[in-house]
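Residues per chain are reported as follows:
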Amino acid sequence: MSDKNNTPILNANIRNVAIIAHVDHGKTTLVDAMFRQSGQIREGATVNERLMDNMDLERERGITIAAKNCSVHWKGVKINIIDTPGHADFGGEVERALSMADGALLLVDASEGPLPQTRFVLEKTLAAGLKVIVVINKIDRKDARADQVLDQVYDLFIDLDANEDQLDFPYLFAIGRDGIAQAKAGDHGTDLTPLFDMILEKIPAPGHLPDASFQMLVSDLGYSDYLGRLAVGRVANGQAHNKDTLVCVGVDGVPRPLKVACLQTYEGPALQEVPAADPGDIVVLAGIEEVRIGDTICTKGSASALPRIRVDEPTVGMRFTVNTSPFAGREGRFSQSRNLRERLFKETLRNVAIQVEETDSREVFLVKGRGEFQLAILIETMRREGFELAVGRPEVIYKEKNGVKTEPMEQLFVDCDERFMGVVTEKLSGRKGLMTNMINHGSGRVRIEFSIPSRGLIGYRDEFLTDTKGTGLLNTYFAGYDTYRGEFPSRFSGSIVSDRQGNSVAYALFNLEPRGQLFIVPGVPVYEGMIFGEHNRATDLNANPCKEKKLTNMRATGHDENVILAPVKAMTLEWAIHFIREDEMVEVTPQSIRLRKTILSAQHRYRSRGEKA
């Protein structure tokens with residue numbers, strides 16, 4: 001593409017800013033306050049809190065899972081806001097969101113300070129060369145230490161090799177919940193005016209080449225029942241108009257024709273149809289079916305692709321397979337392999353961090369992602385859509401470097417009471433964790449840092465909460481690949497497995513309670529190979545949960561007392577995924593979560609063990 005004038009000019013009427021932070025540091029709440037003050041939400045209107053968390057899973061868990069766009073207007077300037085997730089497992093969402101931004105607001109809790117995910121999102125932002133405004137949030141907390149946290153943020157910038165320009169970052173202090181921002185921690189702010197003014201002053205306006213043809217990098221995908229597939233991205237150069245004939249350049253470099261059926265931009269949290277899109281604005285195009293994140297949409301006569309979005313490679317894989325249990329097809333609408341295949345490959349279109357590979361079996365797919373939590377969210381989403389499936393244990397993805405086996409490593413940060421330090425250190429050492437730092441201020445709580453293999457954390461989070469009686473905090477960030485640290489036992493207990501199909505009976509469960517922790521109550525349907533308890537010993541136990549008491553004509557005092565069973569462990573998807581061994585699976589349906597052996601028949605399992613031996 002040749003242009004007469006290659007000097008970029010700025011569109012001063014637009015600012016594109018991403019909001020980045022650790023989980024629960026107040027990103028989405030701050031966006032709510034920005035909506036209210038800019039007039040996007042009228043005075044007195046009743047709206048839900050965390051307006052941008054519009055997915056059911058986001059509202060239930062209180063976290064942001066998918067990056068979303070919205071906009072506000074301030075002093076005649078349109079500010080496009082991208083609300084990003086704070087969890088490292090959703091790093092692909094952060095990376096594609098940053099591709100649309102020219103700057104970022106980094107929120108840091110005034111008490112907790114920079115945490116591992118703060119480091120992760122800031123590292124991505126600095127690598128993208130974006131201008132950063134630091135906001136020390138929640139300064140109204142009783143344990144707030146705003147000035148010390150600001151010093152820690154400076155240390156974090158230095159640790160991430162920020163250049164001189166990036167180190168000279170502007171900062172503000174805020175109470176996002178109340179919609180207050182101020183220049184000093186001791187001031188008494190009244191609204192977010194200082195924040196809006198700083199965005200206009202410090203975040204650079206988007207630049208474009210004045211004579212260049214239209215170009216837009218696809219950073220997100222959507223779907224409308226009326227318009228079909230939607231492509232979301234920032235206009236890099238030129239203008240687009242409704243009904244324009246354009247082309248889409250994919251990863252293969254081949255231009256595919258498309259016609260703009262509808263052109264929309266963000267007004268508040270909603271979309272508004274517009275006749276044309278200005279350079280630098282974030283727009284939504286309808287009218288193309290074959291499009292992926294990272295593709296370039298441009299003018300037909302001068303097709304030139306922009307650099308594709310690059311994301312970190314996945315570190316964890318899980319096997320997804322069709323449900324083959326005797327109860328298959330009873331509770332879900334989609335249970336066939338073609339339904340599973342279509343849904344998984346559809347996910348790769350929207351989520352750049354997910355990879356799906358086909359295996360030797362038509363019914364089994366290998367799904368790779370950033371972490372087991374990201375894959376658990378995918379499974380829960382599919383479950384709510386009506387899918388039935390079975391998944392295996394998460395497995396880390398190994399690599400070979402110069403003939404040496406390497407594995408993904410995590411930097412683990414533990415904050416717990418001093419009295420729990422011994423049990424936490426002992427458990428993590430057994431999982432090949434190496435202590436790298438310990439801070440004890442004499443306050444009764446200690447902060448410990450570990451370098452640990454990613455596989456060492458699979459299944460540990462629930463154990464950690466139990467060991468610290470729910471008072472411990474655990475955070476991690478991906479630290480790259482390092483030399484394989486050897487094997488370690490992942491579970492010291494076996495499984496109690498049903499040896500027949502039927503309904504569980506209180507009498508049988510009462511007599512099995514001494515053997516371990518049970519997962520089911522009386523009256524639950526079971527089948528051969530289904531796991532209904534955790535055995536006290538390391539070996540598996542085949543048992544009959546359907547056994548009834550023999551009835552006789554004899555009656556004696558104490559023989560017919562009422563059976564009282566111990567409470568069962570609540571079955572959650574994350575816990576089930578962490579619990580299973582290599583030869584076990586989790587059966588997931590819209591109504592149930594069951595544990596099962598991969599080989600259901602006890603006779604076939606015995607034969608398989610003999611062949612392996």
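Further up the page is the structure itself.
Chemist: Kindly report on the overall build of the protein, identifying the contributing residues and their values.
Modeler: Broken down by element type, the protein carries 14 helices and 37 strands. Relative to the globule expectation of 25 Å for 613 residues, the C-alpha radius of gyration of the protein, 27 Å, shows essentially globular dimensions. The C-alpha extent of the protein, read off along each of the three principal axes, is 100 × 60 × 60 Å. Across the 613 residues in the protein, those meeting the buried criterion constitute 53%. The long-range fraction of contacts in the protein, counting pairs at least 24 apart against all pairs at least 6 apart in sequence, stands at 71%. Put simply, the protein has 75 plus and 85 minus side-chain charges, and the middle of one group is 5 Å from the middle of the other.

Chemist: Describe the side chain of T265, listing the residues and the values that go with them.
Modeler: For T265, the location among the structural elements is in strand β15 (residues 262–267). Residue class for T265 comes out buried when judged on its relative accessible area of 4%. Here T265 is in contact with K78, A270, L271, Q272, V274, D281, I282 and V283, once residues within four sequence places are set aside.

Chemist: If you had to explain the nonpolar core to someone new, which residues and values would you point to?
Modeler: Residues I82, L106, L122, V134, I136, V153 and F157 are the most contacted members of the largest nonpolar core, which totals 41 residues. Sort the elements by how many residues they give to this core and helix α5 (residues 146–159) lands first, with six residues. Setting aside residues up to four positions removed in sequence, V134 forms contacts with L106, V153, F157, F169, P170, Y171 and L172. Within the second largest apolar cluster, 31 residues are counted, among which are L344, L378, I531 and I593.

Chemist: Describe the packing of helix α4 (residues 116–127) against α5, with residues and values.
Modeler: How two helices sit against one another is set out by the angle between their axes and by the gap between those axes. It is at 10 Å that the axes of α4 and α5 come closest, and there the two elements cross at 55°. In terms of orientation, α4 lies oblique with respect to α5. Of the two possible hands of crossing, α4 and α5 adopt the one that is right-handed. Every residue of α5 that contacts α4 at T118, R119, L122 and L126 is listed here: L156, F157 and D159. Partitioned by chemical class, the residues of the contact of α4 with α5 number four nonpolar, one polar and two charged.

Chemist: Quick one: what's the story with helix α9 (residues 372–384), residue by residue and with numbers?
Modeler: Over its 13 residues, α9 extends 18 Å from the first C-alpha to the last, a length consistent with the 18 Å expected when each residue adds 1.5 Å. Taking burial as the measure, the 13 residues of α9 include 11 buried ones, the bulk of the element. G386 occupies a position one or two residues after α9 and carries a positive phi of about 105°.

Chemist: Can you tell me about unusual backbone geometry, naming the residues and giving the values?
Modeler: For N402, which is not a glycine, the phi torsion comes out positive at approximately 55°. Among the secondary structure elements, N402 is positioned in the loop between β25 (399–401) and β26 (404–417). For K432, which is not glycine, the phi dihedral falls at a positive 70°. Within the fold, K432 resides in the loop between α10 (421–430) and β27 (434–440).

Chemist: Got a sec to walk through the sheet that holds strand β4 (residues 77–83)? Specific residues and values, please.
Modeler: Read across the open sheet, the seven strands follow the order β3-β4-β2-β5-β6-β7-β8; overall the sheet is mixed. In the strand order of this sheet, the two ends are held by β3 (68–74) and β8 (180–182), each with one partner. With strand direction ignored, the average angle separating the axes of adjacent strands in the sheet is 30°. Bridge count between strand β2 (residues 14–21) and β4: six bridges; the pairing is parallel. Counted as the bridge partner of R15 is I79 from β4.

Chemist: Report on the pattern of salt bridges, specifying residues and quantitative values.
Modeler: In this structure the tally under the stated criterion is 34 salt bridges. Residues R177 and D140 are paired through a salt bridge, measuring 3.0 Å at the closest nitrogen-oxygen approach. You can see R177 sitting in the loop between β7 (171–175) and β8 and its partner D140 sitting in the loop between β6 (131–137) and α5, a full 37 residues away along the chain. On the basis of relative accessibility, which here comes to 36%, the residue D140 falls in the partly exposed class. Its salt-bridge partner being R343, residue E385 comes within 2.7 Å of it at the nearest N-O pair. Taken together, the residues span a long stretch of sequence, with E385 in the loop between α9 and β23 (389–391) and R343 in helix α8 (residues 337–350) at a distance of 42 residues.

Chemist: Any chance you could break down the packing of α10 against helix α11 (residues 460–467) for me, citing the residues and the numbers?
Modeler: It is the contact of α10 with α11, at a shortest axis distance of 10 Å, that shows an interaxial angle of 160°. Regarding the angle of α10 to α11, the classification is roughly antiparallel. Crossing geometry of α10 relative to α11 is assigned as right-handed. Taken together, the residues of α11 that come into contact with α10 (itself represented by V423, V424, K427 and L428) are Y460, E463, F464 and D467. Looking at side-chain class alone, the contact of α10 with α11 contains five nonpolar, no polar and three charged residues.

Chemist: Account for the packing of aromatic side chains, with residues named and values stated.
Modeler: For the structure on display, the rule yields 12 aromatic pairs. Taken together, a centroid distance of 5.6 Å and an interplanar angle of 80° make the contact between Y398 and Y484 edge-to-face. Of this pair, Y398 sits in the loop between β24 (395–396) and β25 while Y484 sits in the loop between β29 (473–483) and β30 (494–498); the two residues are 86 residues apart in sequence, bridging distant segments of the chain. Here F519 and F579 contribute two aromatic rings whose centre-to-centre distance is 5.4 Å and whose plane-to-plane angle is 85°, an arrangement assigned as edge-to-face. With F519 in the loop between β32 (516–518) and β33 (525–526) and F579 in helix α13 (residues 573–579), this pair connects stretches of sequence that are 60 residues apart. For F519, a relative accessible area of 7% corresponds to the buried category.

Chemist: Describe the environment of T589, listing the residues and the values that go with them.
Modeler: When you line up the elements, T589 lands in the loop between β36 (584–588) and β37 (593–597). Linking T589 and I379, residues 210 residues apart in sequence, is a C-alpha distance of 9.8 Å. The residues contacting T589, other than those within four sequence positions of it, are N323, E331, R383, F387, E388 and R594. Of the polar contacts made by the side chain of T589, one reaches the backbone nitrogen of S592; its length is 2.9 Å.

Chemist: Explain the pairing of strand β22 (residues 364–369) to me, and be specific about the residues and the numbers.
Modeler: Among the six residues in β22, six count as buried, and that is most of the element. Covered by surrounding structure in β22 are V364, L366 and K368 together with F365, V367 and G369, the residues of both alternating faces. The sheet contact formed by strand β20 (residues 316–321) and β22 spans six bridges and is antiparallel. Counterpart to V316 in the pairing with β22 is G369. Summarising the sheet, strand β21 (residues 355–358) and β22 pair through four bridges and their orientation is antiparallel.

Chemist: Quick one: what's the story with the sheet that holds β15, residue by residue and with numbers?
Modeler: In space, the eight strands of this open sheet follow the order β14-β13-β19-β10-β11-β18-β15-β16, with antiparallel pairing throughout. Of all strands in the sheet, those bounded by a partner on one side alone are β14 (255–259) and β16 (270–273). This sheet shows a mean twist of 40° between the axes of neighbouring strands, independent of strand direction. Here four bridges tie β15 to strand β18 (residues 282–286), and the two strands are oriented antiparallel to one another.

How each quantity is defined
- Residues numbered from 1 in each chain as written.
- Predicted model: local features only at pLDDT ≥ 70, side-chain atom pairs only at ≥ 80, totals over all residues.
- Heavy atoms only, no water.
- Helix = DSSP H or I, 4+ residues; strand = E, 2+ residues; numbered from the N terminus.
- Rg over C-alpha atoms; globule rule 2.2 N^0.38 Å.
- Buried < 20%, exposed > 50% of the residue type's maximum accessible area, 1.4 Å probe, protein only.
- Contact = heavy atoms within 4.5 Å.
- Lys, Arg positive; Asp, Glu negative; His and termini not counted.
- Charge placed at Lys NZ, Arg CZ, Asp CG, Glu CD.
- Core = buried A, V, L, I, M, F, W, Y, C linked by side-chain atoms within 4.5 Å.
- Axes fitted to C-alpha atoms, helices over the stretch in contact; angles between N-to-C directions.
- Parallel < 35°, antiparallel > 145°, perpendicular 65-115°, else oblique.
- Left-handed = near helix turned anticlockwise from the far one by under 90°.
- Nonpolar A, V, L, I, M, F, W, Y, C, P; charged D, E, K, R; others polar.
- Expected span 1.5 Å × (residues − 1).
- Pairing = 2+ DSSP bridges.
- Salt bridge = Lys/Arg side-chain N within 4 Å of Asp/Glu carboxyl O.
- Phe/Tyr/Trp six-rings, centres within 6.5 Å; stacked < 30°, edge-to-face > 60°.
- Polar contact = N/O pair within 3.5 Å; in protein donor to acceptor, adjacent residues only side chain to side chain.

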